[in-house]
Amino acid sequence: MPEEMSIFPRIALKPEVHDYLRNVFINKEVLAAVSQGEAEQRFQRLLSCLSHPPALTCVRASTHLASLEEIQHRLGEELKQQKCDSQSEDISVTILPHPHIPDVLLLPVIGPRPVVQLTSEVIVGAQCGSAVLRGAHVFAPGILATPKFMKTGDAVSVFSDLEGKCTRGNKDFKGKKVFVGNGVAEMDRSNIFCSDEPVKGVGIRMVEPLYQSPSFDGVLPSLAFLQNLPSVVVGHVLGPRPGERILDMCAAPGGKTCHIAALMGGQGEVVALDKIRGKVERIRQNAKALHLDCIKAHCFNSIKAVCTDQCTTFDQGPPFPPQSFDRVLLDAPCSGLGQRPSMVCTWNLKEICSYQPLQRKLFHTAVRLLKRGGVLVYSTCTVTLSENEEQVAWALNTFPCLTLQPQEPHIGAEGMLGAGLSPEQLRLLQRFSPELGWSAAEARGEDDSPTEQPESPTPLAHRANKDTIGFFIAKFLKS
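Residues numbered from 1 in each chain as written. Predicted model: local features only at pLDDT ≥ 70, side-chain atom pairs only at ≥ 80, totals over all residues. Heavy atoms only, no water.

(A) Inspection of the sheet that holds strand 3 (residues 104-108) at higher detail. Ordered in space as 2-3-1-10, the four strands form an open sheet in which the pairing is antiparallel. Every interior strand has two partners, whereas the edge strands, strand 2 (96-97) and strand 10 (224-226), have only one. As judged from the five bridges shared by strand 1 (residues 56-61) and strand 3, these two strands associate in the antiparallel manner. Across the sheet, the residue bridging to Val 59 is Leu 105, located in strand 3. (Pairing = 2+ DSSP bridges. Helix = DSSP H or I, 4+ residues; strand = E, 2+ residues; numbered from the N terminus.)

Rendered as structure tokens:
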């Protein structure tokens, strides 16, 4: 199939991973419902849209501290000032409330823009390049190569290393790269590569990004929280209520933990677990910044979070007695193949497939810790069947006490065919599938929908439900 006219090439995958994913999207159940051509087209659209940023930036508003309208107004003023400080000709800022989710604000991403490449080139890592496409400046640790004599104040073009082959300190990289915008050096080359101390801070300040999205560095830190839309939906689907005891099993960096606590109005207890100490400290910092005292964060392996003996105390922290929690969120470690923008995935097939056993171990613990009548929400940010619908089929077969439940809000698509689930079960699942609503014309900034006015807020807000990262949510009730 010829390459669509996209801004960036399709995500680069190892051949074995490409073939594995293709078989996921062109499985027997899918081919019984649609033609081979339709299934192939969907898979190719997925590969294309994964390398491009979503069309809108999603901000979760701390509505437990202020009204959505006040936060919307204050955010607009902050971002206008940001544009004034950067001497931008256009200081207007569009901020829209989401039509269905009461604590979400949406900001359109402007791009791709007609930015002229410069002769001086800076190469950054793929992860850094993806962050730039979502509004970030270039932080010094992400810089791999610069011109030999780059000085503070030099204008440079920034490129993302597509294949991970650029070595740190390079002066003239010739490998595969993609242009992400122009910026101004905030450091000399010598300070970036020749420092005895670990380099910190902004290395390149982006002034002409290919995709323009506001930088949220230091902007209303207690009121506006950058979070992908499906990640906000998870908190609402869990449905926390004041006074409940809730467990977030894999909580870092704490965005969903804090959202759960905010939805409870800070009344009750939210236990957050993560096995990496530095990440647990980050959760505590986020909770403090958002004035959420009901969060208790512990450094602990969630697989071992249920007592094996006759323990009865909860207050000492993990492990906990069985049936300790009213609701459990298992936002599981996963292959992350739904993240956008992502121009390259360097993992091999063994790494991609390594998460299913871990997720099942966590699932066993989650069910044991959940009270009868309690709610378990399972979510991932990947697109595979083995980590999503197949896990649901396995869970329903392994735990007769679990039944699938309707989700509110349900703004994504239904589950994908291929795991033997019934149509009724698939409708209860929520899969955010950006490839279903993605078009190369929109990625190029063209209007391929002449019946809609681009200025109208309704189509733009509703597009946010489709143009997301790839994500999966399942909600269970324990009887």
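Don't stop here, the text continues.
(B) Spatial organisation of the state of the cysteines. This structure, assessed with the given rule, holds zero disulfides. Here Cys 353 is not cross-linked by a disulfide; its sulfur's nearest cysteine counterpart is in Cys 345, at 11 Å. Between Cys 381, a free cysteine, and Cys 334, which holds the nearest cysteine sulfur, the sulfur-to-sulfur gap is 3.5 Å. You can call Cys 381 buried: its relative accessible area is 18%. (Disulfide = S-S within 2.5 Å. Buried < 20%, exposed > 50% of the residue type's maximum accessible area, 1.4 Å probe, protein only.)

(C) Layout of the sheet that holds strand 7 (residues 155-161). Read from one edge to the other, the open sheet built from six strands follows the order 5-9-8-7-4-6, with strand pairing classed as mixed. Strands at the two margins of the open sheet, each flanked by one partner only, are strand 5 (138-139) and strand 6 (143-145). Sheet topology places strand 5 next to strand 9 (residues 202-209); two bridges connect them, and they run antiparallel. Looking at the pairing, Phe 139 lines up with Val 202 of strand 9.

(D) Examining the packing of aromatic side chains more closely. What the rule picks out here adds up to 10 aromatic pairs. When the ring of Trp 347 is compared with that of Tyr 355, the centres are 5.9 Å apart and the planes differ by 15°; the resulting orientation is stacked. The exposure class of Tyr 355 is buried, given its relative accessible area of 17%. Summarising the aromatic geometry, the rings of Phe 363 and Phe 476 are spaced 5.7 Å apart at their centres and angled 85° between planes, so their arrangement reads as edge-to-face. Taken together, the residues span a long stretch of sequence, with Phe 363 in helix 11 (residues 355-369) and Phe 476 in strand 18 (residues 471-478) at a distance of 113 residues. When its relative accessible area of 0% is taken as the criterion, Phe 476 is described as buried. Chaining the aromatic ring pairs together yields one cluster made of Phe 363, Tyr 378, Trp 394, Phe 399 and Phe 476. In this structure, Arg 60 is placed above the aromatic ring of Phe 225, and the distance from its NZ or CZ to the ring centre is 4.8 Å. Its end group placed over the ring of Phe 159, Lys 177 keeps NZ or CZ at 5.0 Å from the ring centre. (Phe/Tyr/Trp six-rings, centres within 6.5 Å; stacked < 30°, edge-to-face > 60°. Lys NZ or Arg CZ within 6 Å of the ring centre and 35° of its normal.)

(E) Structural view of empty space enclosed by the protein. This structure, assessed with the given rule, holds two cavities of 30 Å³ or more. Reported here for the second largest cavity is a volume of approximately 30 Å³. As for the second largest cavity, its lining consists of Pro 53, Pro 54, Leu 56, Thr 57, Val 109, Leu 133 and Arg 134. (1 Å grid on protein atoms, 1.4 Å probe; cavity = no way out; pocket = protein on both sides within 12 Å on 5 of 7 lines; lining within 4 Å. Points joined across faces, edges and corners; volume = space filled by probe spheres on them.)

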